[in-house]
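Inside the fold
Here is how the chains run, residue by residue.
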Amino acid sequence: MTGTKAGFIRHMGSVALAALIGFGLVAGEAASADDTPAKQIFGKVQLPTNSAPNPIGFYAKGCMAGAVAIPTDGPTWQAMRLSRNRRWGNPAMIQLLETFSQDAAKLGWGSGILIGDISQPRGGPMITGHASHQIGLDADVWFTPKPAQPLSVQAREDLPFTSMLDKSKFLTVNATRWTPTHARLVMQAASYPQVERVFVNPAIKKKLCETWTGDRALLGKVRPVYGHDEHFHIRMHCPPGTPSCKAQAPVTAGDGCDKSLAWWFTKEPWAKPKPDDKPVKPKFVTLADLPKACTAVLAAPAASEQSATFGTAYVAPQPQAGEAAVEPAINTASGDLPDGGIPVPRSRPALQ
Ligand SMILES: [Zn+2]
């Protein structure tokens, strides 16, 4: 981009920017447009930029250019909660997820993986959920395997999460749900050299510390964090040749089954704020808080969804009675369903 063009974009301000990316601000809102939370701007963008892939900034403060989408259905994966429009990522992440899904199926994880949020079409902060997932290098994978019978679009919206914790106890894995295959799945994710960290609940990390007999050094990549008991989170290194991507400090050597894990089993991380603690004033991240290049990312021309969908064409297996296939569910009015629109019981695939 030329200096003049970059300067122009810098001076447009978010009102003009909002118009450019296809949503309007009414006159009364214009005065405060610069204070618009960045999550509201990024959350409304429907398509990625039509440009080379580039992660900009940090996992929890950035955006991305040139994202691609993982297809909603693959031979060994399904993307979940399609209405969120968060199946966009750096091509390296989408490639990794496809590879991981095949490896997961091979190690006995159902017929593959269910993929949760990756990133928004241009990354950035999100209106709901996640602090990170902003540069296309984070992805969530469910602790529920992909069932043999594909889930319909509606089932992907509605399927409840399954926690791996025994909620009747403090930070304890549910022994009837957690299996050695769960452990192998997490460690498979950690095994790829391009994976930087894998986030799981502290109870899951503890379980792995107690039971994992494979490469203990790999265990160091698996990091304990709040939540992450119904899904785990894969974070990739900045891909080579992406100087605008800000790397995270590397994990310390060792298996991580140490004081840093023990801390999670003290009261400190779970303590409620004391009444005399000053309330923290919520501070919304605005465009000005993000790397300057993110303003240009928002203004850049869009790619089409088709051109930006990664991977080879895939024809989903024909659904059985009662399960609408993905494309017909999107393209067909409900009255045109093959059964004539008469509601039929929705068969639920057996899930472990
Ligand atoms: Zn996540």
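As a starting point, this report considers the structure included with it. (Residues numbered from 1 in each chain as written. Predicted model: local features only at pLDDT ≥ 70, side-chain atom pairs only at ≥ 80, totals over all residues.)

Attention shifts here to the overall build of the protein chain. Scanning the protein chain from N- to C-terminus turns up 11 helices and 11 strands. Sorting the 352 residues of the protein chain into buried and exposed places 36% on the buried side. Pairs at least 24 residues apart make up 76% of the contacts formed inside the protein chain by residues separated by at least 6 positions. (Helix = DSSP H or I, 4+ residues; strand = E, 2+ residues; numbered from the N terminus. Buried ≥ 20, exposed ≤ 12 C-beta atoms within 10 Å, placed from the backbone. Contact = placed C-beta atoms within 7 Å.)

Moving on, we come to unusual backbone geometry. Of note, His133 is a non-glycine position whose phi angle comes to about 60 degrees, a positive value. Along the polypeptide, His133 turns up in the loop between strand E7 (113-115) and strand E8 (138-145). Judged by C-beta crowding, with 27 C-beta atoms within 10 Å, His133 ranks as buried. Even without a glycine there, the phi angle at Leu171 is positive, about 45 degrees. By the element assignment, Leu171 lies in the loop between helix H5 (153-158) and helix H6 (180-191). Exposure remark for Leu171: the 17 C-beta atoms within 10 Å place this residue in the partly exposed category.

All right, on to the nonpolar core then. The biggest cluster of nonpolar side chains holds 61 residues, and the ones touching the most others in it are Met93, Leu97, Ile115, Val186 and Val198. Element by element, the count of residues in this core is highest for helix H4 (residues 91-106), at seven residues. Leave out the neighbours within four places in its chain, and Val186 touches Val198, Val200, Leu208, Val222 and Phe232. (Core = buried A, V, L, I, M, F, W, Y, C linked by C-beta atoms within 7 Å.)

As for its placement among the helices and strands, Ala155 is situated in helix H5. Taking the number of C-beta atoms within 10 Å as the measure of exposure, Ala155 has 19 and is therefore partly exposed. The spatial distance from the C-alpha of Ala155 to the C-alpha of Arg81 is 8.8 Å, given a sequence separation of 74 residues.

Turning our attention to the sheet that holds strand E9 (residues 195-200). Taken in spatial order, the seven strands of this open sheet run E4-E5-E7-E8-E11-E9-E10, and their pairing is mixed. A single partner strand is all that each edge strand has here, and the edge strands are strand E4 (73-74) and strand E10 (222-224). With five bridges joining them, E8 and strand E11 (residues 231-236) adopt antiparallel strand pairing. Looking across to E11, one finds that Ala139 is bridged to Ile234. Here helix H7 (residues 202-211) sits on the sheet and contacts E9 and E10; the angle it forms with E10, its principal contact strand, is near 135 degrees. (Pairing = 2+ DSSP bridges. Axes fitted to C-alpha atoms, helices over the stretch in contact; angles between N-to-C directions.)

Honestly, that's just the spatial picture; any functional story needs more than this.
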